[in-house]
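Overview (structure and organization)
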Amino acid sequence: MSRLKEVYNWFERRLQLEGPIKEAALHPVPRNTASWWYVFGSAAMTLLMLQIATGILLAIIYVPSGGEAWKTLDQLNHQLYLGWFLRAMHGWGSNFMVAVVLIHMAQVFMFGAYKFPRELTWILGVFLLLMTLGMAFTGQVLRFDQDAYWGLGIGASIVSRVPLIGGPLVHLLLGGPIIAGATLSRFFALHVFVIPGLMLLFAGLHVWMVLKLGINEWPMPGRVVRRETYIQEYNEMAHKDGVPFVPDALWKDLFFSAGILVAVAVCALLFGPYGPGGQPDPTIIQTAPKPDFFFLWLFAVLSYLPPEMETPFVLIAPAIGILVLLALPFVAGVGEKSWHRRPVAVLVLITVAVSWGIFTHLGVHTPWSPVMDAWSGDPLPQKLVHSETALERQGAVVFQAKQCRNCHSVGGLGGQRGPALDDVATRLTEDQLIRQVLQGGGNMPAYGKNLSPPEVNALVRFLETLKPANRPAAVDASQEAQAQLGK
Amino acid sequence: MNARQFLSGAFLLASLVLTAGCERFPGYPHPGSEAMRPDEVTDFSRLYSQNCSACHGADGQYGPAIALANPEYQAIVDDNTLRSVIANGEQGTLMPAFAQSAGGMLTDAQIDALVKGLRQRWARSGYLQGADVPPYKTDKQGDAAHGQQVFQAYCSRCHVTGTQPLNTGGKTKTSSITDGSYLALISDQSLRAIIIAGRPDLGHPDWRNAQPGHAMSDQEVTDLVAWMASQRQQTPGQPYPAQDETGRGKKL
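Residues numbered from 1 in each chain as written. Chains lettered and ligands numbered in written order. Predicted model: local features only at pLDDT ≥ 70, side-chain atom pairs only at ≥ 80, totals over all residues.

On the chain A side, the residues contacting the 45 residues of chain B number 50 residues. Of all the elements in the fold, those that place two or more residues in the side of chain B that touches chain A are helix H1 (3–19), helix H2 (44–51), helix H3 (53–56) and helix H8 (180–184) of chain B. Take the side of chain B that touches chain A: its biggest share by element is four residues, from H8(B). Here the residues of the side of chain B that touches chain A sort into 29 nonpolar, twelve polar and four charged. (Contact = placed C-beta atoms within 7 Å. Helix = DSSP H or I, 4+ residues; strand = E, 2+ residues; numbered from the N terminus. Nonpolar A, V, L, I, M, F, W, Y, C, P; charged D, E, K, R; others polar.)

Take the domain arrangement of chain B next. Residue and element names in this part refer to chain B. Looking at chain B, the domain boundaries give domain 1 (38–122) and domain 2 (144–230). The interface of domain 1 with domain 2 comprises 13 residues on the first partner and 14 residues on the second. In terms of residue class, the side of domain 1 that touches domain 2 is made up of six nonpolar, five polar and two charged. (Domains from an automatic or database assignment.)

Attention now goes to the domain arrangement of chain A. Domain annotation for chain A reports domain 1 (25–365) and domain 2 (374–486). Its C-alpha centre places domain 1 of chain A at a distance of 49 Å from the equivalent point of domain 2 of chain A.

Before going further, it helps to examine the packing of helix H12 (residues 293–304) of chain A against helix H14 (residues 343–365) of chain A. Residue and element names in this part refer to chain A. Relative orientation of the contacting elements H12 and H14 amounts to 85°, with a least axis distance of 7 Å. Judged by the inter-axis angle, H12 sits roughly perpendicular to H14. Every residue of H14 that contacts H12 at Phe293, Leu296, Trp297, Phe299, Ala300 and Val301 is listed here: Trp356, Phe359, Thr360, Leu362, Gly363 and Val364. (Axes fitted to C-alpha atoms, helices over the stretch in contact; angles between N-to-C directions. Parallel < 35°, antiparallel > 145°, perpendicular 65-115°, else oblique.)

Following A:Phe116, the chain continues into A:Pro117 via a peptide bond in cis, with omega recorded as 5°. With respect to the helices, strands and loops of the structure, A:Pro117 is situated in the loop between helix H5 (83–110) and helix H6 (119–142). Here the bond from A:Val246 into A:Pro247 is cis, since omega is 5°, no more than 30 degrees from zero. Among the secondary structure elements, A:Pro247 is positioned in helix H11 (residues 245–271). Non-glycine residue A:Asn443 carries a positive phi angle of around 80°. Locating A:Asn443 in the fold gives a position in the loop between helix H19 (430–439) and helix H20 (453–463). One non-glycine residue with positive phi stands out, namely B:Leu128, at about 70°.

In structure tokens form, the structure reads like this:
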């Protein structure tokens with residue numbers, strides 16, 4: 001017997017792990033579960049490991065203090081060899097993890113895998129999803145830049161709306177009344193110790209149950225889950241038409257996980273690390289913060305909600321959502337697993353996915369904010385300036401100096417909160433322009449009190465020049481009537 | 001693809017990252033790519049394009065406000081005036097104050113950087129040296145009556161006054177430079193600057209070329225400004241003048 005074997009035996013006699021590991025590795029699983037649809041759970045686990053490994057390396061450099069955090073990120077990006085790549089891997093790893101966990105959950109839901117006897121596996125999974133999102137949010141805070149600062153501000157403002165204990169809760173969350181060094185320490189502790197610790201525990205139990213209860217069989221229409229008979233049926237299926245978990249099912253997991261890691265690396269190389277954006281200083285007002293992609297939908301929803309709906313929505317909707325997810329295996333714990341026989345489940349999933357996609361799209365593309373420096377930064381197209389009269393040219397100065405450009409684009413530059421004004425003269429007559437400027441309307445504020453009569457006059461003269469040469473200026477009914485009279 | 005191929009692919013990727021120099025990847029964050037504090041930016045091009053180009057034009061020309069890429073203008077205006085106008089705005093015009101001390105967003109260092117950049121980019125050293133240039137500022141009182149004659153002599157070839165129409169390529173506009181609204185939005189000092197420096201980008205001549213071969217004198221410029229100032233109205237910018245007897249509003 002070789003020396004190696006002796007050492008192995010010495011340990012094995014004391015640890016006695018060979019038996020359980022062999023049993024776990026070789027336990028039979030239904031042949032049809034060795035499918036490409038079953039790889040997302042293990043990919044999520046792989047990503048968790050990647051996040052832990054890259055996270056530990058980042059934690060060696062990162063200093064969770066208000067004054068240092070941004071500098072250490074800058075140092076990672078520019079001064080440490082491959083520091084940027086490490087940050088990029090961790091950032092993209094987080095994106096992939098949220099995505100893979102969501103896909104895993106959708107797949108489990110579609111396959112009815114949450115049904116008896118895997119209720120607890122699902123419930124732990126729901127908590128794992130919440131923790132993944134928690135990791136994403138706390139991680140976004142640790143990237144202590146303007147997005148982090150304002151994202152935290154929104155988080156604190158949501159928490160502050162909890163009745164009665166809102167104030168103390170904010171205090172607890174931020175470690176004081178304001179976002180400061182104490183806040184960052186708290187989020188560091190959450191991101192590095194509390195949530196990952198819980199995650200590892202929950203993920204361990206989650207995997208343990210998968211091993212003990214077996215991988216969910218491929219759902220077939222008509223194969224109905226009954227509490228009395230399911231376990232026996234499953235065991236029969238696994239033994240009669242089963243394959244050992246290693247290697248028959250595992251190789252696809254390994255392959256997919258490796259693919260995911262390569263995808264993370266490619267994204268990291270191509271798109272680089274996330275920020276850090278501008279420094280997290282609330283006195284810097286030249287900023288339009290946005291959350292990372294997994295919270296963009298929430299950003300869009302909150303923007304569209306009427307103000308009176310905000311508090312009920314942010315406090316009640318998440319609670320209901322989580323309760324629904326937790327209650328799911330108890331409400332629909334038995335019965336059909338196949339999507340062919342579960343139209344409601346299919347519709348729910350499609351609705352959620354489509355809404356999520358739409359809100360995320362809106363979050364990305366809606367011009368939420370005026371372009372605050374368009375008035376001083378975006379030049380006017382040359383031809384507009386060239387042909388103007390003195391008053392019209394002065395009107396162009398009014399147009400810029402009074403910041404109309406922040407909401408209205410001309411020549412493709414400027415804000416998009418209001419309509420582009422390239423052809424406004426074909427739509428509004430002089431009188432209508434004056435009225436619109438003075439009184440506002442249609443989401444535009446009234447500028448009557450902020451502009452002097454000469455400014456309005458000059459501005460409207462300039463706006464009247466904004467039309468393509470080949471199109472007639474707008475004419476209203478009274479002008480038409482006057483023209484008729486003149487004839 | 002078998003496992004060996006896959007592994008060698010991954011190895012190749014990893015060795016690429018480690019050896020080929022990580023700066024070559026598009027994801028590599030280049031120094032300075034992080035957003036600076038806005039009040040730490042002292043790069044002229046960036047400051048100019050964020051704060052000035054909307055009114056003064058992308059390259060200091062073709063903007064609705066006075067052209068800065070105009071060597072005549074750069075020759076008559078001094079650093080202190082430039083600095084003070086940027087910092088505190090120009091009284092009687094729409095030029096806003098940019099200094100933090102005056103409610104703007106720029107620090108003194110940024111304003112200095114702008115003045116320096118404007119000079120470096122658009123001033124020509126020694127330009128107009130020896131020429132009889134009317135000074136940028138004057139304390140002299142102008143003679144408005146003589147100013148009107150100056151207008152007739154130098155300006156009326158292109159500019160009109162009152163309600164005379166201006167023919168712009170088949171279309172008639174009233175482009176009066178004595179329009180009440182126009183005069184309400186421009187100061188005497190700005191009028192003086194633009195008469196002297198012209199708008200070469202828009203084809204408007206400077207003080208030497210308004211009447212070819214005969215430059216305007218300091219006194220003539222002063223008188224012209226005085227005459228234009230005398231044309232200012234008490235309540236300018238009323239689009240609908242008092243109704244006439246028929247009860248029908250008449251536009252200017």
